[in-house]
Amino acid sequence: MADAKVIPFDEDSRSRRGAQRQRGRGTARGKAGGDTGSAVAALPGEERPANAGAEEGAQDAVTASGGDPGARGAGGARGAAKGAQSASADAGGHSGGMPGSPLAAALGAAADRLLGGPWERRVAHGLAFLRRRITGDYEVDDFGYDEELTDQVLMSLLRPLYESYFRVEVKGVENIPAEGGALVVANHSGTLPMDGLMMQVAVHDHHPAGRHLRLLAADLVFVLPLVNELARKAGHTLACAEDAQLLLERGEVVGVMPEGFKGLGKPFSERYKLQRFGRGGFVATALRTGVPIVPCSIVGAEEIYPMIGNAQTLARLLGFPYFPMTPTFPWLGPLGMVPLPTKWTIQFGEPIPTDGYAPEAAEDPMLVFNLTDQVRETIQHTLYKLLVQRRSVFF
């Protein structure tokens, strides 16, 4: 056996890199494996000259012939044919990152429409998201809020309901400050708290500064299995003055619905009539932190589950504040839990400033009562105005 010739690694690498530069080959992007001497196809979205394949074919012919002029004719012909095939593939067989037949191109375009963008990028983002979730490479604040999960998953699940089912129209979202704390106060209705979730999507998707709404929720939310975890991940926290004040001091936008279960579970005959706003605890919290109060009026939620009765005995047995009876529930079983596709309007009003008061003003019961009544009357008046403007419950 002949002795093997030892070629230093560095010298071999330099010679191969030099050959690649002379032949005009592209370089791979990323960490893909394979033959370092082969040409790398253009990445999706890059412009590739139509004659790139012909040029590469001609260069291949010259290289293969070892520089012999006599051999360049046949090699050039083969290279030109190869270049023509490459140019044809570049011109007609590349659509949306899926080379191949028109069927593949159509499937790629359909995937782009379904995913709302280039499907390769969406898939790459999804895989990166799964890797971070599996490895624990994500952040959760001390209230349990997972911003990435909310943006990537929870909002994506709620958005079709918001855009296509309830067809929510948003007005005045720019009244929420672009930075700093703010307290959004809204009416509450609908038997199930869909209105709070739709208000959260409205702020998340339509606010010019892309702000996040942190909702204050009742104790019942945090004792229900699965609902507890999802609520924490979505940024909801217990409806208590301490948590609300801490969030506002951090500069968060906090949402509260002072009617509570009295508004959520009121009968259909009393729709759009605001219940008591408690003792004004939300106003006292706003005064202590000096943040503006943004009234919010929601039309459309009252009719998704028309509550025509309340089985109070069953509610007490189950530990619920009420047990709704609607035209479809419980008569149709699980099917009766499908909400009616009403048309919604969410309007954010002009902010009511509180920074002109001293923090001690939160202890003045008359001031707290007057501000609470002002917020309530503002929301009620806006509800009546929106109802007059509404053409239909469903359109």
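Residues numbered from 1 in each chain as written. Predicted model: local features only at pLDDT ≥ 70, side-chain atom pairs only at ≥ 80, totals over all residues. Heavy atoms only, no water.

1. So, the packing of helix 6 (residues 147-165) against helix 7 (residues 194-206)
Threshold: In this description, a line fitted to the C-alpha atoms serves as the axis of each element, helices being fitted only across the stretch in contact, and the angle between N-to-C directions of two axes falls anywhere from 0 to 180 degrees. Labels follow the DSSP assignment, with helices taken as runs of H or I lasting at least four residues and strands as runs of E lasting at least two, numbered in each case from the N terminus. If an angle is under 35 degrees, it is roughly parallel; if it is over 145, roughly antiparallel; if it lies from 65 to 115, roughly perpendicular; otherwise it is oblique. By definition, any crossing whose near helix is turned counterclockwise from its far helix by less than a right angle is left-handed, and any crossing with a clockwise turn is right-handed. Residue contacts follow a heavy-atom distance rule, with two residues in contact if any of their heavy atoms lie within 4.5 Å.
Relative to each other, helix 6 and helix 7 sit at 110°, their axes nearing to 10 Å. Taken as axis vectors, helix 6 and helix 7 run roughly perpendicular relative to one another. In this structure, the crossing between helix 6 and helix 7 has a hand that is left-handed. Residues Asp151, Met155, Leu158, Arg159, Leu161 and Tyr162 of helix 6 lie in contact with helix 7, whose contacting residues are Met194, Leu197, Met198, Gln200, Val201, Ala202, His204, Asp205 and His206.

2. A word on a nonpolar patch on the surface
Basically, it comes down to this: Patch criteria: residues need more than 30% relative accessible area and no salt bridge. Like-charged residues are merged within 9 Å; nonpolar side chains of Val, Leu, Ile, Met, Phe, Trp and Tyr are merged within 5 Å. Under the convention used here, a 1.4 Å probe and the Shrake-Rupley method define accessible areas, while residue burial counts only the protein chains that appear. By convention in these notes, a salt bridge is any Lys or Arg side-chain nitrogen within 4 Å of a carboxyl oxygen on Asp or Glu.
Taken together, the side chains of Val223, Leu224, Val227, Leu314, Leu317, Leu318 and Phe320 present a nonpolar region at the surface, about 610 Å² in accessible area. It is helix 12 (residues 312-318) that contributes the most residues to the nonpolar patch, three residues altogether. Position of Leu314 relative to the elements: it lies in helix 12.

3. Concerning helix 6
As a reminder, the rule being used: In a helix, the anticipated span is given by 1.5 Å times the number of residues less one. Relative accessible area decides the class of each residue, using a 1.4 Å probe on protein chains only: under 20% of the type maximum gives buried, over 50% gives exposed, and in between gives partly exposed.
Taking 1.5 Å per residue, 19 residues should reach 27 Å; helix 6 reaches 25 Å between its end C-alpha atoms and fits that length. Of all the positions in helix 6, only Leu149, Thr150, Leu154, Met155, Leu158 and Tyr162 are classed as buried. Elements that come into contact with the buried residues of helix 6 comprise helix 5 (119-135), strand 1 (169-171), helix 7 and helix 8 (227-233). At the exit of helix 6 stands Arg167, carrying a positive phi of roughly 50°.

4. Concerning the sheet that holds strand 6 (residues 293-299)
Remark on secondary structure: sheet strands pair via backbone hydrogen bonds, oriented parallel or antiparallel. Our working definition: Whether two strands pair comes down to DSSP finding at least two bridges between them.
With respect to topology, seven strands assemble into an open sheet ordered 1-9-6-2-5-3-4, the strand pairing being mixed. For this open sheet the edge positions go to strand 1 and strand 4 (237-238), each flanked by a neighbour on one side alone. Inspection of the sheet shows strand 2 (residues 182-186) paired to strand 6 by four bridges, in the parallel sense. The residue bridging Ala186 from the neighbouring strand is Cys296, located in strand 6.

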